[in-house]
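# Reading the structure
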Amino acid sequence: MNRLGRSAVGKVIGTLLGLLAGGIIGAVAGFLVGYVFDFSREALVRRARPVHQSHTSDVFFATTFAVMGHLAKADGRVSEYEIQAAEHVMREMRLNDAKRAEARTLFRQGKSPEFDLHAALDEFNEACGRRLNLKMMFLQIQFSAVWADGDFSQSERDVLVRIAQRLGVPEQIFRQIEAMVGAFARRASGGAWQDTGRSEAHARHSELRDAYAILGVDPKNSHEEIKRAYRKLMNQHHPDKLIAKGLPEEMMEVATRRAAEIQNAYELVKRSRGA
């Protein structure tokens, strides 16, 4: 039954019962009783939603930093660079002192041998439900943490593959996220196109290549196909929509930055095609 059907069930039943019991006058009375019932029911549902979103937000935050700690130990040891990478993510999120302390505790739990990755992911999966864009953002943050230390190992990628599979993220989307965050990382670190040993033409080519990677398209795609990909990404990364679905408020800054990167990539591709 759709939302409209659910919201009218009280009025329909009340009207029918009233009609049977008291004719037209009974139907009117039954409708009014049903209206009050439906209104009260919808109010309860609306009040329940923030609680659900709050639970999703709490689970998202906890899983993010615990899994980050687990990933840091994927190659057998946690290096100083990996700890700095986690701190970089915390700074990017502009966590306050209390949240940063919580994140560090979760990170330590994640790198512990007793950490149960599958149980943590299953809880996260249940909290997110079918909201794929939340899972995509989660994977983006994990990829960003791995890229932040400048050394993306095969063992770390293997763990990320298993995480995506456990969350039910399709392989195609996983590869797009991998390419997107790699391009984000290159742009954040200066990018190959800014290497003084390379020509200006090569620099522009490298920047444009990363812009296509961020959008998940290639130069063979038509402008309409690229526009559709861009709009889909912007819809998936809209900060307000993500927050409404359960993304922690602390990660609003990350979502906003991602949306800006997508916007910049699209503008660069448009200029290169004379659009």
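Residues numbered from 1 in each chain as written. Predicted model: local features only at pLDDT ≥ 70, side-chain atom pairs only at ≥ 80, totals over all residues. Heavy atoms only, no water.

## Some words on the overall build of the chain
Summing up its helical and strand segments, the chain has 11 helices and zero strands in all. N-terminal to C-terminal, the α/β element order of the chain is α-α-α-α-α-α-α-α-α-α-α. When each of the 275 residues of the chain is scored for burial, the buried share is 43%. For the chain, the share of sequence-separated contacts (at least 6 apart) that also reach a separation of at least 24 residues comes to 73%. If you sum the accessible surface of the chain, you get close to 14900 Å²; carbon and sulfur atoms cover 55% of it. (Helix = DSSP H or I, 4+ residues; strand = E, 2+ residues; numbered from the N terminus. Buried < 20%, exposed > 50% of the residue type's maximum accessible area, 1.4 Å probe, protein only. Contact = heavy atoms within 4.5 Å. Areas by Shrake-Rupley, 256 points an atom, 1.4 Å probe, with all protein chains shown as cover.)

## Some remarks on the packing of aromatic side chains
Scanning the model with the defined rule gives six aromatic pairs in all. With centroids separated by 3.9 Å and ring planes inclined at 5°, the aromatic side chains of Tyr 230 and Tyr 266 adopt a geometry described as stacked. Taken together, the residues span a long stretch of sequence, with Tyr 230 in helix 9 (residues 223-236) and Tyr 266 in helix 11 (residues 252-272) at a distance of 36 residues. Assigned by exposure class, Tyr 230 and Tyr 266 land together as buried. Each member of the aromatic cluster is reached from another via a ring pair, and the members are Phe 60, Phe 124 and Phe 138. (Phe/Tyr/Trp six-rings, centres within 6.5 Å; stacked < 30°, edge-to-face > 60°.)

## Points about the environment of Asp 116
As for its position among the elements, Asp 116 is in the loop between helix 3 (97-111) and helix 4 (117-128). The class for Asp 116 is partly exposed, based on a relative accessible area of 46%. Note: C-alpha distance between Asp 116 and Val 67 (49 residues apart in sequence) is 9.7 Å. Only 3.3 Å separates the side chain of Asp 116 from the backbone nitrogen of His 118, close enough to count as a polar contact. (Polar contact = N/O pair within 3.5 Å; in protein donor to acceptor, adjacent residues only side chain to side chain.)

## A short note on the confidence of the model for the chain
For the chain, per-residue confidence averages 81 on the pLDDT scale, and residues scoring 70 or more make up 74% of the total. Confidence drops under a pLDDT of 50 for residues 192-196, and excluding neighbours within four residues, the segment shows eight contacts in the predicted structure. (pLDDT = per-residue confidence, 0-100.)

## Examining unusual backbone geometry
With the exception of glycine, the majority of residues adopt a negative phi angle, and the majority of peptide bonds are in the trans configuration. For Arg 94, which is not glycine, the phi torsion reads 55° and is therefore positive. Assignment of secondary structure puts Arg 94 in the loop between helix 2 (80-93) and helix 3.

## Things to note about the environment of Arg 231
Checked against the element boundaries, Arg 231 lands in helix 9. It is 9.6 Å that separates the C-alpha atoms of Arg 231 and Ile 262, two residues lying 31 residues apart in sequence.

## With respect to the pattern of salt bridges
Pairs can form between side chains of opposite charge once their charged atoms are near each other. Tallied over the entire structure, the rule returns 11 salt bridges. Note that Arg 104 and Glu 87 form a salt bridge whose closest N and O atoms lie 2.8 Å from each other. Placement of the pair is Arg 104 in helix 3 and Glu 87 in helix 2, with a sequence separation of 17 residues. The buried category is assigned to Glu 87, whose relative accessible area is 17%. The partner of Lys 227 in a salt bridge is Glu 224, and the shortest N-O contact between them spans 3.9 Å. Here Glu 224 and Lys 227 lie together in helix 9, a separation of three residues that amounts to about one turn. One connected set of salt bridges, linked through shared partners, spans Glu 92, Arg 94, Glu 253 and Arg 257. (Salt bridge = Lys/Arg side-chain N within 4 Å of Asp/Glu carboxyl O.)

## Structural notes on the layout of surface pockets
Volume-wise, the second largest pocket comes out at about 230 Å³. What lines the second largest pocket is simply Met 136, Gln 172, Ile 173, Gln 176, Leu 215, Gly 216, Val 217, Ala 229, Lys 232, Leu 233 and Gln 236. For the lining of the second largest pocket, the leading source of residues is helix 9, giving four residues. Considering only residue class, the lining of the second largest pocket consists of six nonpolar, four polar and one charged. (1 Å grid on protein atoms, 1.4 Å probe; cavity = no way out; pocket = protein on both sides within 12 Å on 5 of 7 lines; lining within 4 Å. Points joined across faces, edges and corners; volume = space filled by probe spheres on them. Nonpolar A, V, L, I, M, F, W, Y, C, P; charged D, E, K, R; others polar.)

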